[in-house]
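Given next are the chains, with one letter for each unit.
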Amino acid sequence: MQLQESVGMALNAIRVNKLRSVLTLLGIGVGVFSIIGVMTAMGVLQNAIENGVSDLGANTFQIQKFPIGNFNDNSRWRLRNRKNITYEQADMFYDRMKLAKFVGLEVWEFGKVVEYKKIKTNPSVQVAGESIDGLATNNWNVEDGRSFTNQEVQSAANVIVIGSDVVKKLFPIGNPIGELIRVDGRQYKVIGTLVNKGGMLGGTQGNLVVMPITTHMNTYGKERSVNIMVTARDQKTYNDVLEFSRGVLRVIRQVPPGEPDDFEFFSNETIIAQFNDTTFMIKIGAVGIACIALLAAGIGIMNIMLVSVTERTKEIGIRKALGATKYNVLSQFLTESVVFSQIGGVIGIITGSIMGNIVSLLLDAPPVYPWNNSVAILQTPFLDFTALQMNITALIFCSFIGIVFGVYPAWKAANLDPIEALRFE
Amino acid sequence: MQPVINIKNVKKTYIMGTVEVNALVDVSIRIQKNEYVAIMGPSGSGKSTLMNVIGCLDTPTSGLYEFNGVNVGDMNDNELAKIRNKDIGFVFQTFNLLARSDALHNVELPLIYSGMKKTDRKVRAEEALGHVRLEDRMHHKPNELSGGQRQRVAIARALVTNPSIILADEPTGNLDSKTGVEIMGLFNDLHAQGNTIILVTHEEDIARHAHRIIRVRDGLIEKDFMVEDRVLPGVNV
């Protein structure tokens with residue numbers, strides 16, 4: 001019976017003292033906003049990355065010379081003498097990996113200009129050199145024309161498959177197949193185009209051209225490490241294929257037994273884990289900042305509640321004379337401070353979710369809705385939180401703040417002497 | 001017959017800093033059901049303290065106070081709150097309505113604390129407002145009502161729980177004399193309907209509406225007598 005009454009009174013108190021209330025709500029709101037905003041933004045990034053890496057294709061892993069991301073000075077020292085994975089080694093690996101569905105070999109060059117007649121692209125086109133399976137392991141599909149043949153790879157033919165962005169830029173009208181284009185000044189014959197898959201993290205997956213790996217190495221040099229991509233036939237054989245390829249590559253690279261691998265494996269999972277490692281500290285930082293903000297907001301709530309108790313001394317006296325118990329008065333004021341912090345929390349969640357999802361607009365990545373309960377956006381060693389769980393936790397935490405900082409003012413109100421309170425003007 | 005109020009040798013001492021103030025020195029009063037009593041006295045006489053004790057807002061330092069045969073002196077805050085809620089209807093000089101709530105809600109307030117269901121208490125509050133002839137002002141806030149109307153809302157609020165006593169502290173003190181007469185007429189009606197009324201006042205004219213006057217001075221009962229020339233409401237004030 002009391003709750004409805006108390007909530008009504010709390011809302012009334014907020015209405016009556018608009019400016020004061022707004023300032024207090026803002027405190028809580030900013031605290032919740034900061035944490036929800038950062039978490040949502042990170043969730044969006046994570047979505048984007050998961051979407052991006054899943055473009056690798058299912059059941060696919062990569063082998064490279066170095067791990068991705070930053071490695072510390074210690075490991076840099078250890079790793080810097082690693083020898084390249086040469087094309088010969090990679091080709092040998094390809095021959096022996098009959099267990100895998102596809103084994104693609106690739107090398108990359110970045111920031112090149114592609115020209116067709118008088119039209120030029122920006123110097124931002126990625127140039128991939130791929131073996132025969134490379135398109136399949138990258139999950140690239142040919143839209144028009146064809147991919148290169150085994151013979152074209154063997155003979156390092158000057159043929160090229162172009163990405164959708166390049167098609168759009170150089171061939172706004174007309175068919176590119178069979179045309180001659182220039183990459184870095186060298187001439188290639190266009191034999192196919194790739195299906196547009198959309199960008200990842202604002203990058204342009206269509207902004208690339210693909211040539212045979214042999215052609216690429218003849219043009220841009222052989223002194224580079226080849227990136228190997230392996231696709232297992234299915235999920236069941238994935239681990240076997242991974243272990244088998246480890247053995248094969250160790251033999252090819254003559255790693256003595258007992259020594260660690262001199263190459264690294266990546267899968268969708270390791271890339272996501274890598275991302276989570278990097279963002280974990282950001283998230284912890286956001287939680288810390290939010291806690292400090294909420295502490296400040298809690299003090300604000302306590303302040304406003306103390307003012308409110310003083311202003312309403314007479315009212316408290318009347319209520320007590322009419323039979324309100326200490327508990328009635330205490331719960332009334334506690335409800336008020338909890339309602340306060342809840343409203344602030346809701347404001348924070350709404351603005352934070354909007355802010356975080358602006359990132360999704362910027363990156364053209366799927367948004368993280370505040371009611372999403374399927375993707376964990378905060379992984380801690382103990383618990384994972386989805387957006388929905390995050391938001392509910394935030395609201396519970398707000399109630400907690402409201403109670404902790406509302407208890408003293410409410411206790412003060414509950415213990416007012418009714419006679420003194422009635423006399424208060 | 002068991003008295004509603006039985007006060008015997010009650011003493012109330014306040015400590016103001018280092019000084020002890022004996023607000024009530026030795027007071028004994030019995031009030032029966034359906035009496036109409038005025039407690040009179042100049043300021044500083046202990047009249048307010050006596051009212052606070054009778055109203056269960058305060059407990060005596062020593063002596064016996066039985067309310068409907070129950071010893072109030074032993075009660076804790078919550079039990080006192082319950083008595084105030086169920087058995088005492090307060091009417092104050094300054095009305096003491098909640099400024100932000102309409103008349104109906106003000107009258108409902110004691111019922112909220114007694115835990116009555118929303119629908120029931122609305123019916124009861126409307127009845128009580130009807131009793132003071134304010135059914136058409138139910139949804140007005142106190143600042144939209146005249147002084148007399150406000151006091152009638154306060155009386156409706158005092159009546160709504162069907163209390164054992166109505167305790168009115170200078171109920172006409174903030175009203176002009178014409179409105180005061182109306183309010184005293186209302187008390188007269190309530191008494192005629194069987195309510196027990198205790199009026200606290202320093203005005204002789206007001207006190208003489210009651211059947212019995214208790215004069216308090218220096219914390220003692222100076223005089224306790226039946227009124228022979230009662231002022232009837234509507235006649236000479």
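Our structure's up above, just so we're on the same page.
Residues numbered from 1 in each chain as written. Chains lettered and ligands numbered in written order. Predicted model: local features only at pLDDT ≥ 70, side-chain atom pairs only at ≥ 80, totals over all residues. Heavy atoms only, no water.

Section: the packing of helix H11 (residues 313-321) of chain A against helix H12 (residues 326-363) of chain A
Residues and elements named next belong to chain A. Interhelical geometry of H11 versus H12 gives an angle of 140 degrees and a closest axis separation of 10 Å. Overall, the two elements H11 and H12 adopt an arrangement that is oblique. Crossing hand, H11 versus H12: right-handed. Within the contact between the two elements, H11 uses Glu315, Ile316, Arg319 and Lys320 and H12 uses Lys326, Val329, Gln332 and Phe333. Its residues assigned to classes, the contact of H11 with H12 comprises three nonpolar, one polar and four charged. (Axes fitted to C-alpha atoms, helices over the stretch in contact; angles between N-to-C directions. Helix = DSSP H or I, 4+ residues; strand = E, 2+ residues; numbered from the N terminus. Parallel < 35°, antiparallel > 145°, perpendicular 65-115°, else oblique. Left-handed = near helix turned anticlockwise from the far one by under 90°. Contact = heavy atoms within 4.5 Å. Nonpolar A, V, L, I, M, F, W, Y, C, P; charged D, E, K, R; others polar.)

Digging into a nonpolar patch on the surface
On the surface, Val346, Ile350, Ile354, Met355, Ile358 and Leu362 of chain A cluster together into a nonpolar patch covering about 570 Å² of accessible area. Mapped onto the elements, methionine 355 of chain A comes out in helix H12. (Patch = residues over 30% accessible without salt bridge, like charges linked within 9 Å, V, L, I, M, F, W, Y side chains within 5 Å. Areas by Shrake-Rupley, 256 points an atom, 1.4 Å probe, with all protein chains shown as cover. Salt bridge = Lys/Arg side-chain N within 4 Å of Asp/Glu carboxyl O.)

Looking at the nonpolar core
Burial of nonpolar side chains together is a common tendency in soluble globular proteins. Grouped together as the largest cluster of nonpolar side chains are 81 residues, with contacts concentrated most on Ile5, Ile7, Leu50, Ile54, Tyr65 and Phe67 of chain B. Sorting elements by how many residues they give to this core places helix H13 (residues 387-414) of chain A first, with nine residues. Those residues in contact with tyrosine 65 of chain B that sit more than four places away from it in its chain are Ile5, Asn6, Ile7, Val53, Ile54, Cys56, Pro60, Val70, Asn71, Val72 and Gly73 of chain B. Of all hydrophobic cores here, the second largest spans 40 residues; its members include Ala38, Ala103, Ala154 and Ala207 of chain B. (Core = buried A, V, L, I, M, F, W, Y, C linked by side-chain atoms within 4.5 Å. Buried < 20%, exposed > 50% of the residue type's maximum accessible area, 1.4 Å probe, protein only.)

So, empty space enclosed by the protein
Residue and element names in this part refer to chain A. According to the stated counting rule, one finds four cavities of 30 Å³ or more in the structure shown. The computed volume of the largest cavity comes to approximately 80 Å³. Surrounding the largest cavity, 13 residues form its lining, Ala13, Asn17, Arg20, Ser308 and Glu336 being those nearest its centre. Secondary structure elements with two or more residues in the lining of the largest cavity: helix H1 (2-16), helix H2 (18-54), helix H10 (268-311) and H12. For the lining of the largest cavity, the element with the most residues is H10, which contributes four residues. For the lining of the largest cavity, a count of residues per class yields five nonpolar, three polar and five charged. (1 Å grid on protein atoms, 1.4 Å probe; cavity = no way out; pocket = protein on both sides within 12 Å on 5 of 7 lines; lining within 4 Å. Points joined across faces, edges and corners; volume = space filled by probe spheres on them.)

Things to note about the interface of chain A and chain B
When the parts of a complex come together, some accessible area is lost, and that lost area is often taken as the interface size. Contacts between the two partners involve 23 residues from chain A, matched on the other side by 23 residues from chain B. Summed over both sides, the interface between chain A and chain B buries roughly 2100 Å², with carbon and sulfur atoms accounting for 58% of that surface. The interface formed by chain A and chain B contains one salt bridge. Between aspartate 77 of chain B and lysine 326 of chain A there is a salt bridge whose closest N-O contact spans 3.3 Å. At the boundary of chain A with chain B, the tally comes to five residue pairs in polar contact (both at pLDDT 80 or more). At the level of secondary structure, the elements contributing two or more residues to the side of chain A that touches chain B comprise H1, H11, H12 and helix H14 (418-423) of chain A. Sort the elements by how many residues they give to the side of chain A that touches chain B and H11 of chain A lands first, with six residues. Here the side of chain A that touches chain B is built from residues that sort into nine nonpolar, seven polar and seven charged. (Buried area = accessible area lost by both parts, 1.4 Å probe. Polar contact = N/O pair within 3.5 Å; in protein donor to acceptor, adjacent residues only side chain to side chain.)

A closer look at the pattern of salt bridges
This structure, assessed with the given rule, holds 27 salt bridges over all chains. Ionic pairing is found between arginine 253 of chain A and aspartate 262 of chain A, a salt bridge with its closest N-O pair at 3.0 Å. For arginine 253 of chain A, a relative accessible area of 9% corresponds to the buried category. Between glutamate 35 of chain B and arginine 212 of chain B there is a salt bridge whose closest N-O contact spans 3.0 Å. Taken as a pair, glutamate 35 of chain B in the loop between strand E2 (19-31) and strand E3 (36-40) and arginine 212 of chain B in strand E9 (residues 212-217) lie far apart in primary sequence, 177 residues in all. In terms of burial, glutamate 35 of chain B and arginine 212 of chain B fall into one category: buried.

Details of the packing of aromatic side chains
Under the defined criterion, the tally for this structure stands at 11 aromatic pairs over all chains. Ring centres of tryptophan 108 of chain A and phenylalanine 110 of chain A lie 5.8 Å apart, and the angle between their planes is 5 degrees; this geometry places the pair in the stacked category. Exposure remark for phenylalanine 110 of chain A: the relative accessible area of 55% places this residue in the exposed category. Aromatic pair phenylalanine 263 of chain A and phenylalanine 265 of chain A: ring centres 5.8 Å apart, planes at 75 degrees, arrangement edge-to-face. Per residue, the accessibility class of phenylalanine 263 of chain A equals that of phenylalanine 265 of chain A, and both read buried. Here the aromatic cluster, defined as three or more aromatic residues joined through ring pairs, consists of Phe61, Tyr238, Phe263 and Phe265 of chain A. The aromatic ring of phenylalanine 225 of chain B is capped on one face by lysine 223 of chain B, whose charged end is 5.0 Å from the ring centroid. (Phe/Tyr/Trp six-rings, centres within 6.5 Å; stacked < 30°, edge-to-face > 60°. Lys NZ or Arg CZ within 6 Å of the ring centre and 35° of its normal.)

Some words on the packing of helix H3 (residues 103-114) of chain B against helix H4 (residues 118-131) of chain B
Residues and elements named next belong to chain B. The interhelical angle for the contact between H3 and H4, taken along N-to-C directions, is 120 degrees, at an axis separation of 9 Å. Of the possible angle classes, the one that applies to H3 and H4 is oblique. Regarding H3 and H4, the two cross each other, and that crossing is right-handed. Contacts between H3 and H4 involve Ala103, Leu104, Val107, Glu108, Leu111 and Ile112 from the former and Lys118, Arg121, Lys122, Arg124, Ala125, Glu126, Ala128 and Leu129 from the latter. Per-class residue counts for the contact of H3 with H4 are eight nonpolar, no polar and six charged.

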